[in-house]
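The residues making up each chain are set out below.
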Amino acid sequence: MAAVTVTAVAGLGMQAPAQAAEACKTSSKSIDTPTYGGPWPDNWEFTVKACAKRSGGRVTHWAKVSWDLPASVFTPGGIFNAPGTGVSVTGRRTGRAAGVTRWTDMRDRLDRARDGSVTTPAFTIGHGAGQAVTAVVVELDWKNDGKGPVRYAFTTSPKV
């Protein structure tokens, strides 16, 4: 019987697995303030960074939402209704409509600062081997516009 010896030699293709990198996609929208009809610029500039990071069969989902509004229109404490103003972050497998959604309320921050940002709490879901994405929807419920929350969908994260 012959003995077989296997030796791993550094630099010959034997590498430790790399740590999974986060996969993020940034998109922006200019959103008109429906309750202002004056002469000054009044559009909110929203930027959303949707992120996902895989570790084995589990994927962590989160988003960063940033905004800016011209100072001429900013009214501290009086632009949005609660509880309909915030961000929904959904982690889901690609090709499936259902997923797990987490809500982060943003009304207080939007009403207090004409520019700022919110990073949502990260959450992890077991997706198995299937590819997954993070979907982000900003919901704005404007005071005195006679409507409920308006949903603005942003670009999903890359597949992980």
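Along each chain, residue indices are assigned from 1 in the same order as the chain's sequence is written. Only residues with pLDDT of at least 70 are given local features in this predicted model, and only at 80 or more are side-chain atom pairs given and counted; all residues enter the totals for whole chains, interfaces and linings. Hydrogens and waters are ignored; side-chain quantities use all the structure's heavy atoms.

Caption draft 1: The confidence of the model for the chain, seen in detail. Per residue, pLDDT measures the predictor's confidence, with a range of 0 to 100. Averaged over the chain, the pLDDT score is 83; the fraction of residues at 70 or greater is 84%. Contacts of residues 1-18 to residues separated by more than four positions or lying in other chains number one contact, the stretch itself having pLDDT below 50. Residue contacts follow a heavy-atom distance rule, with two residues in contact if any of their heavy atoms lie within 4.5 Å.

Caption draft 2: Structural view of the packing of aromatic side chains. Side-chain rings of Phe, Tyr and Trp (the six-membered ring for Trp) are treated as a pair once their centres are within 6.5 Å; stacked means planes under 30 degrees apart, edge-to-face means over 60, and tilted covers the remaining angles. In total, this model carries four aromatic pairs according to the counting rule given. Ring geometry for Trp44 and Phe46: centres 6.0 Å apart, planes at 25 degrees, overall stacked. Throughout, exposure labels follow a simple rule: accessible area from a 1.4 Å probe, protein chains only, divided by the maximum for the residue type, with under 20% read as buried, over 50% as exposed, and the rest as partly exposed. For Trp44, a relative accessible area of 0% puts it in the buried group. On the basis of relative accessibility, which here comes to 0%, the residue Phe46 falls in the buried class. Summarising the aromatic geometry, the rings of Phe80 and Trp142 are spaced 4.7 Å apart at their centres and angled 40 degrees between planes, so their arrangement reads as tilted. Of this pair, Phe80 sits in the loop between strand E3 (58-68) and strand E4 (86-93) while Trp142 sits in the loop between strand E8 (132-140) and strand E9 (150-153), and the two are 62 residues apart along the sequence. Judged by relative accessible area, which is 1%, Phe80 ranks as buried. A relative accessible area of 1% places Trp142 in the buried class. Each member of the aromatic cluster is reached from another via a ring pair, and the members are Trp44, Phe46, Phe80 and Trp142. Ring-over charges, as used throughout, are those where CZ of Arg or NZ of Lys falls within 6 Å of the ring centre and within 35 degrees of the ring normal. Note that Lys29 overlies the ring of Phe154, its terminal NZ or CZ placed 5.4 Å from the centroid. Just above the ring of Phe123 sits the side chain of Arg102; from NZ or CZ to the centre is 5.0 Å. Segments assigned H or I by DSSP are reported as helices when at least four residues long, segments assigned E as strands when at least two residues long, and all are numbered from the N terminus.

Caption draft 3: Up close: the pairing of E8. Where burial is concerned, most of E8 is hidden: nine out of the nine residues are buried. Neither face of E8 is exposed, since Ala132, Thr134, Val136, Val138 and Leu140 on one face and Val133, Ala135, Val137 and Glu139 on the opposite face are all buried. Note: E4 against E8, eight bridges, orientation antiparallel. Considered in E8, the bridge of Val89 is made with Val136. By this definition, two strands are paired if DSSP reports at least two bridges between them.

Caption draft 4: Seen up close, the nonpolar core. Here the nonpolar core consists of buried residues drawn from Ala, Val, Leu, Ile, Met, Phe, Trp, Tyr and Cys, with membership extended through side-chain atoms lying within 4.5 Å. If you look at the biggest cluster of nonpolar residues, it comprises 24 residues, and the most contacted ones within it are Trp44, Phe46, Val138 and Leu140. When contributions to this core are tallied by element, the ones reaching two or more residues are strand E2 (43-55), E3, E4, strand E7 (123-126) and E8. If you tally residues by element for this core, the top one is E2, at four residues. Residues Ala23, Val59, Ala132 and Val160 belong to the second largest nonpolar core, which totals five residues.

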